[in-house]
Amino acid sequence: MSLPLKIALRYLKSKKAHNAVNIISIISICGVVVTTAALVCVLSVFNGFKGVIQDRLARLDPQVAITAVKGKTINDADSVITAASKVAGVAMAMPVLEDQALAIYADYQMPVRIKGVPPNYHEINAIDSTIIDGNYALQDDVSNFAVVGIGPAVNLRLRANGLRMLQLYAPRRVGRVNIANPIDAFTSDSVFVSSIFQVQQNSYDQDLIFVPLDFARNLFDYDTQATQVELKLQPGAHESEVMKQLAQVLGPSYEVKNRLMQQSESFRMVNVEKWVTFLLLAFIMIIATFNVISTLSLLIIEKDESIATFQNLGATRQQITRIFVAEGWLIAMLGAVLGVVLGLLLCLGQQTFGWLKLSADPSQVIVNAYPVQVVWTDVVVVLLLVAAIGFVTSLVTSTIMRRRLQ
C-alpha cells in the first residue's frame, strides 16, 4: 500500500479536531450510501416488473416466431415448418393465422382478433393455464370451439359451455362486393365457446379469441397460409444459436423473433422508464458528492500543520495532493459499497416479506407487492457511476491542493 493511501486511510478513520468536520464527513458518506442504495433498489424494481411482464407474456407468446418480411402472411407455411423443424434445438413448429373479425353474441357485438391455431396449440405455450372458466378445447369429433379472452367475454356477456353459438363475420378477401346485398361482402361462421382465459395483459385480454386453424382459414378465405409460424425449443437449447440457424436456413424473406422482439414496445417502455429514473437518481448522487468536496476542503484547511510537516520532511506537492485525492476516493467507494450492501438487503427483504405494497385493489393487479429482481450488471453500472463521480471529485480536490500549495 502506498504512503499517500495509508495516510488517507488514517485521516478517514481518525477523529477530526473539529466536530463540524466529523459531522460533514458522516453526511458525505451517508449521502453516497443513500443514493447508491436507492439506485440499486429502483433498478431492481424495474427489473422485477420486467420479469412479471415476461412471465405473463410467456404464457401466450411462443419462444420463437417466424414471420414474413413482406406481406401479411406466409404463403406456404408447411414448407417453412418443415425447414424449421430440421434445425437443431427446435422441438415443435405450428402455423397460426390471425386477423380481424366482428363477433356477435345475442344482442351484443364487438370487433375482435381471431387467432386460428392447431388443436394441440397448448403444447407450445401455457394457454391452458390461463383458463378461468370452462375447459380448454378447440375441437371434438362434432364441433369447433372458441377460447375467448376475458374482454370479449365481458363485452358480449357470454360464458363458457353456453348453448348459444358465437357468430363471427369477416370481410371477403377475394371476389367482388354486391352493393345491392352488402351481407354477401362478408363470410361468417359460428362456434361454441369452450372456455374463457385471462392473462392480465391488455394486449391479449382485450379482444383476442382462439379458434381452430381450419375454422380461421375458412373464415378468412385462406388455404395453406399463416400469419406466422410459432416454435417451441427443446429444453436446454440456446435460443440465440437456434435463431441464427433459422435465419440462415429460411433466408432474408423471413424474420425470426424471440419473446423480447415480439413485445419490443412493452419492454422498450420499461427500459426507457428504468434508465430515465437512473439518470435522475444519478443527478441526485452528483449533488450529494458536493458534500465530499466540502469535506475534503475542510480537511485540507484542518490539516495545514500536517501539510507543512510533510513538506519539511521532504514530501513533494504531488505526494501531498495524492493523500487528499485518495481520501476523496475512499469516501466515495466506502459510501458505494455500503450503499450496495444496504440496497441488496432491502431488495432481499422486499422479495421475502413484500414490505411495500401496490396501492391498488389486490384483485385488479398481477402482484400485490412491488416485485424486485437484482441484476448484477446493474450493480456494476452503479459502482462505475460512483467511481466516475469519485474521479471528478479527485480532480477538483487536486486543483484545490495545487492552489493551496503554491
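Residues numbered from 1 in each chain as written. Predicted model: local features only at pLDDT ≥ 70, side-chain atom pairs only at ≥ 80, totals over all residues. Heavy atoms only, no water.

A few words now on the nonpolar core. Leu158, Leu166, Leu168 and Phe220 are the most contacted members of the largest nonpolar core, which has 26 residues in total. Of all the secondary structure elements, the ones that give two or more residues to this core are strand E2 (90-105), strand E3 (108-117), strand E5 (145-149), helix H4 (150-156), strand E6 (166-171), strand E7 (186-197), strand E8 (208-212) and helix H6 (213-219). Residues within four places of leucine 166 in sequence aside, it is in contact with Ala103, Ile104, Tyr105, Val148, Leu156, Leu158, Asp189, Ser190, Val191, Val193 and Ile209. Counting 24 residues, the second-largest nonpolar core is a separate cluster that includes Leu281, Leu296, Ala332 and Val379. (Core = buried A, V, L, I, M, F, W, Y, C linked by side-chain atoms within 4.5 Å. Buried < 20%, exposed > 50% of the residue type's maximum accessible area, 1.4 Å probe, protein only. Helix = DSSP H or I, 4+ residues; strand = E, 2+ residues; numbered from the N terminus. Contact = heavy atoms within 4.5 Å.)

Turning next to the layout of surface pockets. Within this model, the largest pocket holds a volume of roughly 380 Å³. Along the wall of the largest pocket there are 21 residues; nearest its centre are Glu98, Lys115, Gln228, Glu230 and Gln262. Considering each element in turn, the lining of the largest pocket owes the most residues, three residues, to strand E1 (residues 64-68). Partitioning the lining of the largest pocket into residue classes produces seven nonpolar, seven polar and seven charged. (1 Å grid on protein atoms, 1.4 Å probe; cavity = no way out; pocket = protein on both sides within 12 Å on 5 of 7 lines; lining within 4 Å. Points joined across faces, edges and corners; volume = space filled by probe spheres on them. Nonpolar A, V, L, I, M, F, W, Y, C, P; charged D, E, K, R; others polar.)

Within the secondary structure, threonine 73 sits in the loop between E1 and helix H3 (77-85). Threonine 73 gets classed as buried once you look at its relative accessible area, which sits at 14%. Apart from residues lying up to four places away in sequence, threonine 73 is in contact with Ala68, Tyr222, Gln225, Ala226 and Thr227.

Time to look at the state of the cysteines. Covalent bonding between the sulfur atoms of two cysteines is what defines a disulfide. Tallied over the full model, the rule gives zero disulfides. Considering cysteine sulfurs only, cysteine 347 is the nearest to cysteine 41, which forms no disulfide, with 4.2 Å between them. We classify cysteine 41 as buried; its relative accessible area is 18%. (Disulfide = S-S within 2.5 Å.)

Once that is clear, we can look at the packing of helix H9 (residues 264-288) against helix H13 (residues 376-405). Running from N to C, H9 and H13 cross one another at 30°; their axes reach a closest spacing of 11 Å. Considering their axes alone, H9 and H13 lie roughly parallel with respect to each other. Remark: the crossing between H9 and H13 carries right-handed chirality. Along its contact with H9, which presents Lys274, Trp275, Phe278, Ala282, Met285 and Ile286, the element H13 presents Asp378, Val381, Val382, Leu385, Val386 and Ile389. (Axes fitted to C-alpha atoms, helices over the stretch in contact; angles between N-to-C directions. Parallel < 35°, antiparallel > 145°, perpendicular 65-115°, else oblique. Left-handed = near helix turned anticlockwise from the far one by under 90°.)

All right, on to the confidence of the model for the protein then. For the protein, per-residue confidence averages 87 on the pLDDT scale, and 93% of positions sit at 70 or higher. The element-level mean pLDDT for the protein is lowest in helix H10 (residues 290-302), coming to 77, with E8 highest at 97. (pLDDT = per-residue confidence, 0-100.)

This structure, assessed with the given rule, holds six aromatic pairs. Ring centres of phenylalanine 49 and tyrosine 370 lie 6.1 Å apart, and the angle between their planes is 85°; on these two criteria the pair is classed as edge-to-face. Of this pair, phenylalanine 49 sits in helix H2 (residues 19-57) while tyrosine 370 sits in the loop between helix H12 (317-353) and H13; the two residues are 321 residues apart in sequence, bridging distant segments of the chain. Under the relative-accessibility criterion, phenylalanine 49 is labelled partly exposed at 28%. Residues tyrosine 121 and phenylalanine 210 carry aromatic rings whose centres are separated by 5.9 Å and whose planes lie at 35° to one another, so their mutual orientation is tilted. Of this pair, tyrosine 121 sits in the loop between E3 and strand E4 (131-134) while phenylalanine 210 sits in strand E8, placing them 89 residues apart in sequence. Across this residue pair, the class does not change: tyrosine 121 and phenylalanine 210 are buried. Of the aromatic side chains, those joined through ring pairs into one cluster are Tyr121, Phe197 and Phe210. It is arginine 157 that lies over the ring of tyrosine 108; its NZ or CZ is 4.8 Å from the centre. (Phe/Tyr/Trp six-rings, centres within 6.5 Å; stacked < 30°, edge-to-face > 60°. Lys NZ or Arg CZ within 6 Å of the ring centre and 35° of its normal.)

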